[in-house]
Amino acid sequence: MATDFKSIPIIDIGPLLAKCGDPKMAQDPGVSQVVKQLDQACREAGFFYVKGHGIPDSLMKEVKNLTRKFFHLPYEEKLKIKMTPATGYRGYQRIGENITKGVPDIHEAIDCYREIKPGMYGALGKPMEGCNLWPLDPPKFKLLMEEYISLCTDLSRNIMRGIALALGGSPYEFEGEKAGDAFWVMRLIGYPGISSENAQEMPKNDIGCGAHTDYGLLTLVNQDEDTTALQVRNLSGEWISAPPVPGTFVCNIGDMLKIYSNGLYESTLHQVTNNAAKYRVSVAYFYETNFDTAVEPLDICIQRTGGAKKFGRAVYGEHLASKVLTNFV
Ligand SMILES: N=C(N)NCCCC[C@H](N)C(=O)O
Ligand SMILES: O=C(O)CCC(=O)C(=O)O
Ligand SMILES: [Fe+2]
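Calculation rules
Residues numbered from 1 in each chain as written. Chains lettered and ligands numbered in written order. Predicted model: local features only at pLDDT ≥ 70, side-chain atom pairs only at ≥ 80, totals over all residues. Heavy atoms only, no water. Near = heavy atom within 4 Å. Polar contact = N/O pair within 3.5 Å; in protein donor to acceptor, adjacent residues only side chain to side chain. Areas by Shrake-Rupley, 256 points an atom, 1.4 Å probe, with all protein chains shown as cover. Helix = DSSP H or I, 4+ residues; strand = E, 2+ residues; numbered from the N terminus. Nonpolar A, V, L, I, M, F, W, Y, C, P; charged D, E, K, R; others polar. Donors = N, O, S within 2.8 Å, 3.2 Å for Na, K, Ca; no water. Buried < 20%, exposed > 50% of the residue type's maximum accessible area, 1.4 Å probe, protein only. Pairing = 2+ DSSP bridges. Axes fitted to C-alpha atoms, helices over the stretch in contact; angles between N-to-C directions.

Draft legend 1. Representation of the site of ligand 1. Around ligand 1 sit Asn98, Ile99, Thr100, Arg187, Cys209, His212, Asp214, Tyr215, Phe286 and Asn327, and those are all the residues in its vicinity. Interatomic distance of 2.8 Å between a side-chain N/O atom of Asn327 and a nitrogen atom of ligand 1. For ligand 1, the accessible surface in isolation is 360 Å², of which the surrounding protein chains cover 92%. Elements with a minimum of two residues in the shell around ligand 1: strand 4 (99-100) and strand 8 (209-212). Split by residue class, the shell around ligand 1 holds four nonpolar, four polar and two charged.

Draft legend 2. The arrangement of the coordination of the iron ion (ligand 3) in detail. In the first shell of the iron ion (ligand 3), the protein supplies His212 (NE2), Asp214 (OD) and His270 (NE2), at 2.1 to 2.2 Å from the metal. In primary sequence terms, the donor set of the iron ion (ligand 3) follows H-x1-D-x55-H. In this pair, His212 sits in strand 8 while His270 sits in strand 13 (residues 270-272), placing the two residues 58 residues apart along the sequence. Note on accessibility: His212 and His270 belong to one class, buried.

Draft legend 3. Spatial organisation of the sheet that holds strand 13. Taken together, the four strands give an open sheet; going across it, the order is 8-13-10-11, and neighbouring strands pair in antiparallel fashion. Whereas interior strands pair on both sides, the edge strands pair on one side only; in this sheet they are strand 8 and strand 11 (239-241). Mean inter-strand twist for the sheet, computed between neighbouring axes without regard to direction, equals 25°. With three bridges connecting them, strand 10 (residues 230-233) and strand 11 associate as antiparallel partners. By the bridge assignment for strand 11, Gln231 is matched with Ser241.

Draft legend 4. Just unusual backbone geometry, in detail. Here the bond from Asp137 into Pro138 is cis, since omega is -5°, no more than 30 degrees from zero. In this structure, Pro138 sits in the loop between helix 5 (122-125) and helix 6 (141-166). At Tyr89, a residue that is not glycine, the phi angle is positive and equals roughly 60°. Within the secondary structure, Tyr89 sits in the loop between helix 4 (75-78) and strand 3 (91-93). The exposure class of Tyr89 is buried, given its relative accessible area of 11%. Phi at Lys101 is positive, roughly 50°, even though this residue is not glycine. One can find Lys101 in the loop between strand 4 and strand 5 (103-104).

In structure tokens form, the structure reads like this:
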């Protein structure tokens, strides 16, 4: 939210993806065009839509449909995969269980994280250790979600190559030590509509997800195509809608990229309010650094922002755990 943007740009990343495997990609004119647009969007809004991303529309839709079906099951059924501290905060959380800035959010969700085996990151990883809890029905649920996660991981790595170039680095800046073994998070989210059976408890304007920033590098949101609910805050504090654009992902910058870029790119505040009658589903995929990476401003970004470091180091896993441990009642 570095400016008073009024809308969120749409970027066709096809030309970037076409050359992503080429070590000389930076010299390609098509890539340069995309990089320029990414740079502008990241400076001005911290949010952009991507099209030409190569993930089949049928898969994007199926992931949302399975999510919707799960949330429509009876509560007892959903509780079979209940999230608790003992499951490493993986699994189902009911409406009102997620807390943002002390206020219960009017959404339900299944949270999934990259697997952390016991002891893998010592005390740092302990709260998040565990395996994901997938609904058993339909049987293809887990398989489909894992395929989707794998495609989102590849796509995010490639968008980050473009962002690395936009920051003036090598395309591989965010690989290796930083995010070569990227941690990921996926949230399958459902926001009840105002005319649902729970309408009395949920007057209009109850917040589906309170204002927050995302925690890692880059988020890809696959949102329902017929409800406008996601809003992004600009510099003057106006809430700018991110209406659905069929076939696209809404992308935004997380806290770790804000630090790497020394504030050149910010993690923009956003919130969700479903004022429609219809139940809204969204699937958010979060691409993060390696779990144990200590993140600090990149030298190239310090130079470009006047020579002073604006942020100290943050260990991503600590940042995540501090959020997760305060997100639930
Ligand atoms: N980036 C992630 N994982 N987003 C999760 C939703 C943010 C809301 C959470 N209660 C919070 O206050 O952070
Ligand atoms: O549902 C959405 O559109 C966005 C959700 C979100 O911001 C989040 O889960 O971090
Ligand atoms: Fe978010």
